Amino acid sequence: MNGKTVVMGVIGADVHAIGIKILSHAFTEAGFNVVNLGVMVSQEEYIEAAIETNADAIIVSSLYGHGEMDCRGLREKCEEAGLKDIPMYVGGNLVVGKRDFAEVERIFLEMGFNRAYPPGTAPEKGIADISKDLGVGQP
Amino acid sequence: MNVRDESRKDSGFILAVDFGSTFTKVVAISTEKPEILGTAKSPTTIGTDIRGGLNNAVKELTAQTGKLTFTHKLAASSAYGGLKMVAVGLVPSLTAKAANLAACSAGAKVVKTFSYELNASEQEEIHGIQPDLILLSGGTDGGNKDVILHNAKKLAEIESDFAVIIAGNKSAAEDAREVLTRSGKHAVICGNVMPVFNTLDTLPARDAINALFLEKIIKAKGLAQAAREMTMPIIPTPLAVFECMQLLSENLGDILAVDVGGATTDVYSMCRGAPTLPGVTQKGLPEPFAKRTVEGDLGMRHSQETLIDKITSSQFETKLPDIESYRTACRSDYAYIPPAGSPHAHFDQMLAGTAVDIATTRHAGYLETAYTPFGESFYQMGKDLTAVKYVVGIGGPIIYTDDPASILQNAATPTRHATTPTRDNVLKPASPKFIWDKKYIFSAMGLLARVDKQLALRILESEL
């Protein structure tokens, strides 16, 4: 255990259940305390779970193309709920159609996410980034 | 007569007592026949020795049954306001709800549930409630520590003689107890009501509440002498009813029960409550099979204004033109029972129906609609009670009217015939049968089940 708690789930009306299970397993293996909210998770559920568990980060997955609509306002709600500056990560098939990922990334960073990941990203990449951001293994 | 008495001494008789705030009710049970020999009641002697009212009730009982020697004497109590509690948690839908469910499952009268950091006006509110016990939760194990510690400090500042059960984040529990005991409060630690996110564990809190009830509350409420005359510990009356409902569901299957009282309306459901319709996803905190909720703002006397506010003006005109005379009658005597057939009695019946409606709506789950690229989709929060077969009525305002079924009808959703989910639907029973506690024996049967479960089951079977 690395002492860090992450809350994760698939946002909105999205029911893609496999990816989040893989992520949950990978993060647990890497030493995180994972609170997996599963599929069809509302913004409020991430926030409430993060408050009760004193989470260090929120990880949002979206695979059905409506991520932009579902994720908008999450940062503001976190601020309102007292989760000031909690690191937020997002990944998956975030938008419909073939759009340049640089543009997609910009949209999500502007929305208040710390990092955004394109489809096909290996869990190891996210684990490495989040470990670094949260100072895992550093004195 | 002598012969009859002799034979009765050989077989077993059990006395079940319910110390209510107004009446002390007694039930005599024969273990041999399995049957109820008689019931009686007498005004509770509050302020003097509570055994006075008990002796009067037993005298009245034995006048019907002949002299009886009891092998067991069991008692439940809701006298002196019952086991009055306040629940405190962090997030309303998570640990605050878990704390509320835990306190309700212990048979407490949960007057109010607070969440997040308590403020000064909430401190005053708690002071005004004068709870016997406070259940303090907040944070999963290893989760948030700040809020439970803040709330422990706020509770410590309240000048009132309540005990605190700490059932929150284990990493903060000892510090919270330290803060409370330093201020002179009795504080105990038990297991977290939500040790892991979205996982309820209400048993440790329930046991801690029951232990404190025995240890402190019984004495504080002047029940200690009566307790010594009983063969088993006195428990809160709602706990006896709760255990009776669990027993009843073993016989009848899924049930929903409503107990309308002077100060609160209590609702019990015994069912899994999983979605009954296709394409519905269950969300939120998983609820227990045996669930009890207490609506502290829905009472027929002490908190009748909430209910009166819900009555529409057209209902007023048809049922009771003179509301002030009703209010005055209720205020001058909280135990007021209107004469049968009077306008006040009709109004009482309407208020009871409203209490049943609101309390069961709050207890039941509901569907929320989500609009997805694939059309409408539904989330279910709480329990789906649509398939529940029986609605059970408890409490004077229901059972002492000419038409209990019409009051209980408010626990059902008669318009709901849909085979597919519809929008914003409250998941109340669709077409239940109605039964009620005609002889006022449910708390007695809950007590009896603690001694002999099969016997209680057989008596319930024959009485319903």
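Residues numbered from 1 in each chain as written. Chains lettered and ligands numbered in written order. Predicted model: local features only at pLDDT ≥ 70, side-chain atom pairs only at ≥ 80, totals over all residues. Heavy atoms only, no water.

S.K.: Help me get a handle on the nonpolar core, residues and values and all.
M.R.: Residue and element names in this part refer to chain B. With 47 residues, the main nonpolar core has Phe19, Val26, Leu133, Leu135 and Ile209 as its most contacted residues. Each of domain 1 (3-77) and domain 2 (84-220) contributes no fewer than three residues to this core. Residues Ile235, Ala240, Phe242 and Tyr268 belong to the second largest nonpolar core, which totals 36 residues. (Core = buried A, V, L, I, M, F, W, Y, C linked by side-chain atoms within 4.5 Å. Buried < 20%, exposed > 50% of the residue type's maximum accessible area, 1.4 Å probe, protein only. Domains from an automatic or database assignment.)

S.K.: Describe the packing of aromatic side chains, naming the residues involved and giving the relevant values.
M.R.: Residue and element names in this part refer to chain B. Enumeration according to the criterion identifies 5 aromatic pairs over all chains in this entry. Over the ring of phenylalanine 23 we find lysine 41; its NZ or CZ atom is 4.3 Å from the centre of that ring. Seen from the ring of phenylalanine 162, lysine 185 lies directly overhead, with NZ or CZ sitting 4.9 Å from the centre. (Phe/Tyr/Trp six-rings, centres within 6.5 Å; stacked < 30°, edge-to-face > 60°. Lys NZ or Arg CZ within 6 Å of the ring centre and 35° of its normal.)

S.K.: Describe the interface of chain B and chain A, and please don't skip the residues or the numbers.
M.R.: Between chain B and chain A, the contact holds 19 residues from the first and 16 residues from the second. Together, the buried faces of chain B and chain A total about 1,400 Å²; carbon and sulfur atoms form 62% of this surface. Of all residues in chain B, B:Phe197, B:Lys283 and B:Pro373 give up the largest surface area on contact with chain A, accounting jointly for 34% of the area buried on that side. Joining chain B to chain A, the criterion identifies 1 salt bridge. Between B:Lys283 and A:Glu45 there is a salt bridge, with the nearest N and O atoms lying 3.4 Å from each other. Summed over the shared surface of chain B and chain A, the result is 10 residue pairs in polar contact (both at pLDDT 80 or more). Elements with a contribution of two residues or more to the side of chain B that touches chain A: helix H3 (92-105), strand E13 (280-283) and strand E16 (375-381) of chain B. By residue number, the principal contributor to the side of chain B that touches chain A is H3(B), which donates 3 residues. (Contact = heavy atoms within 4.5 Å. Buried area = accessible area lost by both parts, 1.4 Å probe. Salt bridge = Lys/Arg side-chain N within 4 Å of Asp/Glu carboxyl O. Polar contact = N/O pair within 3.5 Å; in protein donor to acceptor, adjacent residues only side chain to side chain. Helix = DSSP H or I, 4+ residues; strand = E, 2+ residues; numbered from the N terminus.)

S.K.: Just give me the short version of the domain arrangement of chain B, but keep the residues and values in it.
M.R.: Residues and elements named next belong to chain B. Taken domain by domain, chain B consists of domain 1 (3-77), domain 2 (84-220) and domain 3 (237-463). Between domain 2 and domain 3, the C-alpha centre-to-centre distance is 27 Å. Of the residues lining the interface, 17 residues belong to domain 2; the matching set on domain 3 comes to 15 residues. By the criterion of area lost to domain 3, the three top residues of domain 2 are Leu101, Cys104 and Asn198, representing 32% of everything that side buries. Here domain 2 is connected to domain 3 by 1 salt bridge. Here glutamate 287 makes a salt bridge to lysine 97, at a shortest N to O gap of 2.6 Å. Along the contact surface separating domain 2 from domain 3 lie 3 residue pairs in polar contact (both at pLDDT 80 or more). At the level of elements, H3 and strand E6 (109-114) are the ones that each hand at least two residues to the side of domain 2 that touches domain 3. The residue inventory of the side of domain 2 that touches domain 3, partitioned by class, reads 10 nonpolar, 5 polar and 2 charged. (Nonpolar A, V, L, I, M, F, W, Y, C, P; charged D, E, K, R; others polar.)

S.K.: An account of the sheet that holds strand E3 (residues 35-43) of chain B is requested, with residue identities and associated values reported.
M.R.: Residue and element names in this part refer to chain B. Read across the open sheet, the 5 strands follow the order E3-E2-E1-E4-E10; overall the sheet is mixed. Here the strands that pair on one side only, and so sit at the sheet edges, are E3 and strand E10 (235-236). Across 8 bridges, the pairing between strand E2 (residues 23-30) and E3 is antiparallel. Counterpart to phenylalanine 23 in the pairing with E3 is proline 43. Across the sheet, helix H2 (residues 51-65) is in contact with strand E1 (13-19), E2 and E3; its angle to E3 comes to roughly 140°. Where helix H16 (residues 442-451) meets the sheet, it contacts E1, E2, E3, strand E4 (72-77) and E10, and its direction lies at approximately 130° from that of E4. (Pairing = 2+ DSSP bridges. Axes fitted to C-alpha atoms, helices over the stretch in contact; angles between N-to-C directions.)

S.K.: Residue-level account of the sheet that holds E6(B), with values.
M.R.: Residues and elements named next belong to chain B. Pairing in this open sheet of 5 strands is parallel, and the strands run E6-E5-E7-E8-E9 from one edge to the other. Strands at the two margins of the open sheet, each flanked by one partner only, are E6 and strand E9 (187-189). Between one strand axis and the next, the sheet turns by 20° as a mean value, whatever way the strands run. In this sheet, E9 lies alongside strand E8 (residues 163-166) in parallel orientation, the contact comprising 3 bridges. Paired with isoleucine 166 across the bridge in E9 is isoleucine 189. Each of strand E5 (84-88), strand E7 (133-136) and E8 touches helix H5 (residues 146-157); the most contacted strand, E7, lies at about 165° to it. The sheet strands contacting helix H6 (residues 170-182) are E7, E8 and E9, and the helix crosses E9 at an angle near 170°.

S.K.: Describe the environment of B:Met194, with residues and values.
M.R.: Residues and elements named next belong to chain B. Tracing the backbone through its elements, the reader meets methionine 194 in the loop between E9 and helix H7 (203-220). For methionine 194 and threonine 95, which are 99 residues apart along the polypeptide, the C-alpha to C-alpha distance reads 6.3 Å. In this structure methionine 194 touches Leu94, Thr95, Gly139, Thr140, Asp141, Thr199 and Leu285, once residues within four positions along its chain are discounted.

S.K.: With reference to specific residues and values, describe the confidence of the model for chain B.
M.R.: All names here are of chain B. With 93% of its residues at a pLDDT of 70 or more, chain B has an overall mean of 90. Below pLDDT 50 for its whole length, residues 1-10 participates in 8 contacts with residues either more than four positions away or in separate chains. As a predicted assembly, this complex carries a pTM of 0.90 together with an ipTM value of 0.84. (pLDDT = per-residue confidence, 0-100.)

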